[in-house]
Amino acid sequence: RLSGLSRAELQELVEFGALEPDAPRVEDWTFPARTAFIARRARGLRMTFGLDSEATSLVLGLLERIDDMEERLRQMERQLLR
């Protein structure tokens, strides 16, 4: 509900590995809190660029890697400034 995505869109994003539910059965799905941010990001990408679920999953994965690398870079910069 928080994401604005339909159930079918969520299922597709789970199938392509962009989102990971806590339970294997669709009826029991709950998601970690961070998933709401990722799902809203997915919705924005879909609306802005007209991406399908497979492309959205790919872009989300790349953005996640960029976020991780930027965090690592910030950590290294803090260590150098000590």
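J.: Would you mind going over the packing of aromatic side chains in detail, with residue names and values included?
T.: Tallied over the full model, the rule gives one aromatic pair. An angle of 70° between the planes, with centres 5.8 Å apart, marks the rings of Trp-29 and Phe-31 as edge-to-face. On the accessibility criterion, Trp-29 (19% relative accessible area) is buried.

J.: How would you sum up the layout of surface pockets? Please name residues and give values.
T.: Considering only enclosed or pocket space, the largest pocket measures out at about 450 Å³ in volume. Arg-1, Leu-2, Leu-10, Trp-29 and Phe-31 are, among the 16 residues lining the largest pocket, the residues nearest its centre. For the lining of the largest pocket, the secondary-structure elements that each account for two or more residues are helix H1 (7-15) and helix H2 (34-49). It is H2 that provides the largest number of residues to the lining of the largest pocket, a total of three residues.

J.: Residue-level account of the nonpolar core, with values.
T.: For soluble globular proteins, the rule of thumb is that nonpolar side chains tend to be buried together. By size, the foremost hydrophobic cluster in this structure holds twelve residues: Leu-5, Leu-10, Leu-13, Val-14, Ala-18, Leu-19, Trp-29, Ile-38, Ala-39, Ala-42, Leu-45 and Leu-60. Sorting the residues of this core by element identifies H1 and H2 as the ones contributing at least two each. In this structure, Leu-13 is in contact with Leu-5, Ala-18, Leu-19, Ala-42, Ser-53, Thr-56 and Ser-57, ignoring residues within four places of it in sequence.

The rules we used
- Residues numbered from 1 in each chain as written.
- Predicted model: local features only at pLDDT ≥ 70, side-chain atom pairs only at ≥ 80, totals over all residues.
- Heavy atoms only, no water.
- Phe/Tyr/Trp six-rings, centres within 6.5 Å; stacked < 30°, edge-to-face > 60°.
- Buried < 20%, exposed > 50% of the residue type's maximum accessible area, 1.4 Å probe, protein only.
- 1 Å grid on protein atoms, 1.4 Å probe; cavity = no way out; pocket = protein on both sides within 12 Å on 5 of 7 lines; lining within 4 Å.
- Points joined across faces, edges and corners; volume = space filled by probe spheres on them.
- Helix = DSSP H or I, 4+ residues; strand = E, 2+ residues; numbered from the N terminus.
- Core = buried A, V, L, I, M, F, W, Y, C linked by side-chain atoms within 4.5 Å.
- Contact = heavy atoms within 4.5 Å.

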